[in-house]
Amino acid sequence: MEKFLEKLVDGCIDISAKLLLAIVILAIGSKLIKIIENNLRKENKLKHLDASVKGFLISFITITSKIVLFIVILHILGVPTASIITVFGSCAVAVGLALQGGLSNIAGGLMILIFKPFKVGDYIEVSGKEGTVKSITMFYTTITTFDNKLIQLPNGNLSNSNITNYTANKKRRVDIDISVSYSSDIDKVKKVINQLISKNELVLQEENNYVKLSKHDDSALVFAVRVWTKTDNYWDLYFDLMESIKKTLDKNKIEIPFPQMDVHINK
C-alpha cells in the first residue's frame, strides 16, 4: 500500500511538473509568436518583398509556428512523437476531406501570389464586388470598397473567377458618350470638345485621343469622346470632363436633347 501511494505521489508530481512546464512553454511560445508576427508586420521588416507575398508569408509563418508549439506541448506532456505524427497525419486526411474549401483557398492564395493577377493596393472587380486590395492571406483576400466597407473573398473562388484589375496598367482610357441634337453642326461639336481636351492637363496629349460621331440615336447624335490619362487621375478626369463638356456645349449653344417622340395624327 505504501509503495502504491509513493508511486501515486511520484506520478502526480511528475504530471504536475509536466503540466506546469507545458503551461509555461505555451504562455512563452504564444507571446513569442505574437511578437514575431508584430515585428514582421512592421514596415521595415520584409520590405524587399511584395506586400501581397508579405501578408501571405506572415499568415503562413504564424499558423505553422502555432502548430509546432502545439506539437511541443504534446511532447512535453509525454505523448510519443510517433503518435503525434500519426495523429496529425490522420487529422490532416480527415480535415482535408472535411475542409476541401479551406485547402482550395490555400491553393488559390498560392496561385494568386505566383501568377499575380493583382497585388495589394490594386483596385479590382470580381463577382460583382469591387474595391482596393487591402491584404492577401492564406485563406482570404480582403478588399476595401469606395464607401470603406471590408469584403473578404475566399482565395479558392477568387482564383477561379474573372478578375478585372483597373490599376494594373499605368494609364487608362476615359470613355464618355455625349449626345447632341440632330440640328447641331457635327464639325463644330468635334472642334469645341477637341479644344477642351487639348487644354486639360490630366489628358495625355501624346496618346490617340479623339472625338468622333459614333451613332445616330433615336433623338440625338452620339459622339464618342476617348481620352487617355494616368490611372491615378482616371476619376478626376472623368468628372472634370463630364462637367466641362456640358458647360462648353452650353456656351457654344449646342443643345443636349432629352428623349422625345414626334406623334402625327391623321384625321
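Residues numbered from 1 in each chain as written. Predicted model: local features only at pLDDT ≥ 70, side-chain atom pairs only at ≥ 80, totals over all residues. Heavy atoms only, no water.

Caption draft 1: Up close: the overall build of the chain. From N to C terminus, the chain includes seven helices and eight strands. By the burial criterion, 30% of the 267 residues in the chain qualify as buried. Summing over all exposed atoms, the chain offers an accessible surface of approximately 18100 Å²; the carbon and sulfur share of this is 60%. (Helix = DSSP H or I, 4+ residues; strand = E, 2+ residues; numbered from the N terminus. Buried < 20%, exposed > 50% of the residue type's maximum accessible area, 1.4 Å probe, protein only. Areas by Shrake-Rupley, 256 points an atom, 1.4 Å probe, with all protein chains shown as cover.)

Caption draft 2: Broad picture of the side chain of T145. With respect to the helices and strands, the residue T145 is situated in the loop between β3 (140-144) and β4 (150-154). Side-chain polar atoms of T145 contact the side chain of D147, separated by 2.4 Å. Aside from chain neighbours lying at most four places away, what touches T145 is E130, G131 and I151. (Polar contact = N/O pair within 3.5 Å; in protein donor to acceptor, adjacent residues only side chain to side chain. Contact = heavy atoms within 4.5 Å.)

Caption draft 3: Structural detail: the nonpolar core. Counting residues in each nonpolar core, the largest one holds 21 residues, and the members touching the most others are V180, I193, V225, V227 and I245. For this core, the secondary structure elements donating two or more residues are β6 (171-180), α6 (186-199), β8 (221-230) and α7 (234-251). Those residues within four positions of I245 in sequence are excluded, and the remaining contacts are I178, I193, L196 and V225. V126, V133, I136 and L158 belong to the second largest nonpolar core, which has ten residues in total. (Core = buried A, V, L, I, M, F, W, Y, C linked by side-chain atoms within 4.5 Å.)

Caption draft 4: Quick peek at the pairing of β8. Most of β8 sits inside the fold, with eight of its ten residues counted as buried. Note that β6 and β8 share ten bridges and pair antiparallel. In the strand pairing of β8, K171 is matched with K230. Where strand β7 (residues 210-216) lies against β8, six bridges are found, and the strand directions are antiparallel. Across the sheet, V211 pairs through a bridge with V225, a residue of β8. What sits between the antiparallel neighbours β7 and β8 is a turn of four residues. (Pairing = 2+ DSSP bridges.)

Caption draft 5: Region of the structure containing the side chain of T144. For T144, the position within the fold is in strand β3. Residue class for T144 comes out buried when judged on its relative accessible area of 19%. Those residues in contact with T144, other than ones at most four positions away along the chain, are G131, T132, K134, K149 and L150.

Caption draft 6: Up close: the environment of R226. Relative to the helices and strands, R226 resides in strand β8. Distance in space between the C-alpha atoms of R226 and I197 is 9.7 Å, their sequence separation being 29 residues. Each residue touching R226, except ones within four places of it in the same chain, is listed here: R173, V174, D175, I176, D177, N208, N209 and Y210. Engagement of the side chain of R226 in a polar contact is seen with the backbone oxygen of I176, the distance being 3.2 Å. Within the structure, the side chain of R226 is placed 3.2 Å from the side chain of D177, a separation counted as a polar contact.

Caption draft 7: Spatial organisation of the packing of aromatic side chains. By the definition in use, this model includes seven aromatic pairs. Centroid distance Y234 to W235: 5.1 Å. Interplanar angle 90 degrees. Geometry classified as edge-to-face. Ring geometry for W235 versus F239: centroids 5.6 Å apart, planes at 25 degrees, classification stacked. Note that W235 and F239 are positioned in helix α7 at a spacing of four residues, about one turn of the helix. Judged by its relative accessible area of 42%, W235 falls in the partly exposed class. Taking relative accessible area as the criterion, F239 reaches 52% and is therefore assigned exposed. Taken together through their ring pairs, the aromatic side chains of Y234, W235, Y238 and F239 make up a single cluster. The ring of Y234 carries the charged tip of R172 above its face, separated from the ring centre by 3.8 Å. (Phe/Tyr/Trp six-rings, centres within 6.5 Å; stacked < 30°, edge-to-face > 60°. Lys NZ or Arg CZ within 6 Å of the ring centre and 35° of its normal.)

No statement about biological role is implied by the geometric values presented.
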